[in-house]
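Structural overview
Below are the chains, spelled out letter by letter.
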Amino acid sequence: ARRTGGLRAAREGRGGPGTGAAMDAPSAAGLGGADPQLQRFIEVETQKQRFQQLVHQMTELCWEKCMDKPGPKLDSRAETCFVNCVERFIDTSQFILNRLEQTQKSKSAFSESLSD
Amino acid sequence: MEGGFGSEFGSEFGSGGAGGKLDPGLIMEQVKVQIAVANAQELLQRMTDRCFRKCIGKPGGSLDNAEQKCIAMCMDRYMDSWNTVSRAYNSRLQRERANM
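The structure displayed is predicted, hence computed values, not measured ones.

Here's the deal with the packing of aromatic side chains
- All chains considered together, the criterion is met by two aromatic pairs over all chains.
- Measuring from ring centre to ring centre gives 4.9 Å for A:Phe51 and B:Tyr89, while their planes differ by 10°; the resulting arrangement is stacked. With one member in each of two chains, A:Phe51 in helix 3 (residues 36–66) and B:Tyr89 in helix 3 (residues 65–99) form a pair that bridges those chains. Considered together, A:Phe51 and B:Tyr89 belong to a single accessibility category, that of buried residues.

Structure below.
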């Protein structure tokens, strides 16, 4: 059960890009020392940066998929493509996490029965 | 010291909070500025990469008028795209949180 703990945490929003609710309290605790205001600041900024990084990454990816020749404005077809692209990217990320968790579960059940 | 903010923060905050030699509020503002600068640089770097790929064919002796026009439009479209992605991702996050 401990083996999948990290994955479950990621799926519940403490790591994966699909939710962005990641607070990562353990990694922020070392920074900021005893000052709770600073600690909170670091948590908030870290989360904001995680969001920004993903926007950068998805913009690049979706640009390749959705943009032909840059025109005088972003037409509605391209805009729709970008929106779909973001949604499918998050879906992909969640799919991967879920499936990985499933295969981990079946593996640990197997190895547990072996060690008996 | 681990983390992306440098070791100077840890030691200076350890000694005295508001009464210490450095104002935490000021430092937080400076950090926010540095983060904003870093994000702008990242955006510019990726924009340059993508617009170079879209607008420059076989590199000539200089950027001709067509290439310059393309780059200008590309910059604007890249910003539009960035904003669209940002909005879409934000909506998705809010939807996910509402479903939790």
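Side note on the state of the cysteines
Residue and element names in this part refer to chain A.
- Tallied over the entire structure, the rule returns four disulfides over all chains.
- Bridging Cys62 to Cys85, the disulfide has an S-S length of 1.9 Å. In this structure, the disulfide formed by Cys62 and Cys85 twists by about -85° around the S-S bond and is classed as left-handed. Of this pair, Cys62 sits in helix 3 while Cys85 sits in helix 4 (residues 76–115), and the two are 23 residues apart along the sequence.
- The exposure class assigned to Cys62 is buried, which follows from its relative accessible area of 1%.

Digging into helix 3 of chain B
- Between its first and last C-alpha atoms helix 3 of chain B spans 51 Å; for 35 residues at 1.5 Å apiece the expected length is 51 Å, and the two agree.
- The distance from a side-chain oxygen at the start of helix 3 of chain B to the backbone nitrogen of B:Ala66 is 3.0 Å, and the residue carrying that oxygen is B:Asp64.

Overview of the interface of chain B and chain A
- Across the contact, 38 residues belong to chain B and 45 residues belong to chain A.
- Between chain B and chain A, a total of about 4100 Å² is buried, with carbon and sulfur atoms accounting for 63% of that surface.
- Linking chain B with chain A are seven salt bridges, by the criterion used here.
- Here chain B and chain A share 16 residue pairs in polar contact (both at pLDDT 80 or more) between them.
- Of all the elements in the fold, those that place two or more residues in the side of chain B that touches chain A are helix 2 (24–55) and helix 3 of chain B.
- Residues belonging to the side of chain B that touches chain A are distributed by class as follows: 18 nonpolar, six polar and 14 charged.

Regarding helix 2 of chain B
- Over its 32 residues, helix 2 of chain B runs 46 Å from end to end, which matches the ideal 46 Å to within 8%, given 1.5 Å per residue.
- The distance from a side-chain oxygen at the start of helix 2 of chain B to the backbone nitrogen of B:Gly25 is 3.1 Å, and the residue carrying that oxygen is B:Asp23.

Some details on the UniProt feature "domain: Tim10-like" (unreviewed entry) in chain B
- The residues that UniProt annotates with the feature "domain: Tim10-like" (unreviewed entry) are residues 30–90 of chain B.
- Regarding residues 30–90 of chain B, the helix share stands at 85% and the strand share at 0%, and the terminal C-alpha atoms are separated by 26 Å.

Comments concerning the packing of helix 3 of chain A against helix 2 of chain B
- Taken N-terminus to C-terminus, the directions of helix 3 of chain A and helix 2 of chain B make an angle of 5°; their axes are 11 Å apart at the nearest point. Accordingly, the angle class assigned to the pair helix 3 of chain A and helix 2 of chain B is roughly parallel. Each of A:Gln37, A:Leu38, A:Phe41, A:Glu45, A:Gln49, A:Gln52, A:Gln53, A:His56, A:Gln57, A:Glu60, A:Trp63 and A:Glu64 in helix 3 of chain A lies in contact with helix 2 of chain B, whose residues at this interface are B:Pro24, B:Met28, B:Val31, B:Lys32, B:Ile35, B:Asn39, B:Glu42, B:Leu43, B:Arg46, B:Asp49, B:Arg50 and B:Lys54.
- The class makeup of the residues in the contact of helix 3 of chain A with helix 2 of chain B is eight nonpolar, seven polar and nine charged.

Points about the confidence of the model for chain B
Residues and elements named next belong to chain B.
- This prediction gives chain B a mean pLDDT of 86; 79% of its residues lie at or above 70.
- Mean pLDDT per element in chain B: helix 1 (residues 7–14) is the minimum at 47, and helix 3 is the maximum at 97.
- The model gives residues 1–17 a pLDDT under 50, and that stretch makes 22 contacts with residues more than four places away or in other chains.
- Both confidence scores are given for the complex: pTM 0.73, ipTM 0.77.

The rules behind the values
- Residues numbered from 1 in each chain as written.
- Chains lettered and ligands numbered in written order.
- Predicted model: local features only at pLDDT ≥ 70, side-chain atom pairs only at ≥ 80, totals over all residues.
- Heavy atoms only, no water.
- Phe/Tyr/Trp six-rings, centres within 6.5 Å; stacked < 30°, edge-to-face > 60°.
- Helix = DSSP H or I, 4+ residues; strand = E, 2+ residues; numbered from the N terminus.
- Buried < 20%, exposed > 50% of the residue type's maximum accessible area, 1.4 Å probe, protein only.
- Disulfide = S-S within 2.5 Å.
- Expected span 1.5 Å × (residues − 1).
- Polar contact = N/O pair within 3.5 Å; in protein donor to acceptor, adjacent residues only side chain to side chain.
- Contact = heavy atoms within 4.5 Å.
- Buried area = accessible area lost by both parts, 1.4 Å probe.
- Salt bridge = Lys/Arg side-chain N within 4 Å of Asp/Glu carboxyl O.
- Nonpolar A, V, L, I, M, F, W, Y, C, P; charged D, E, K, R; others polar.
- UniProt positions renumbered as here; feature names shortened; annotations may be inferred.
- Axes fitted to C-alpha atoms, helices over the stretch in contact; angles between N-to-C directions.
- Parallel < 35°, antiparallel > 145°, perpendicular 65-115°, else oblique.
- pLDDT = per-residue confidence, 0-100.

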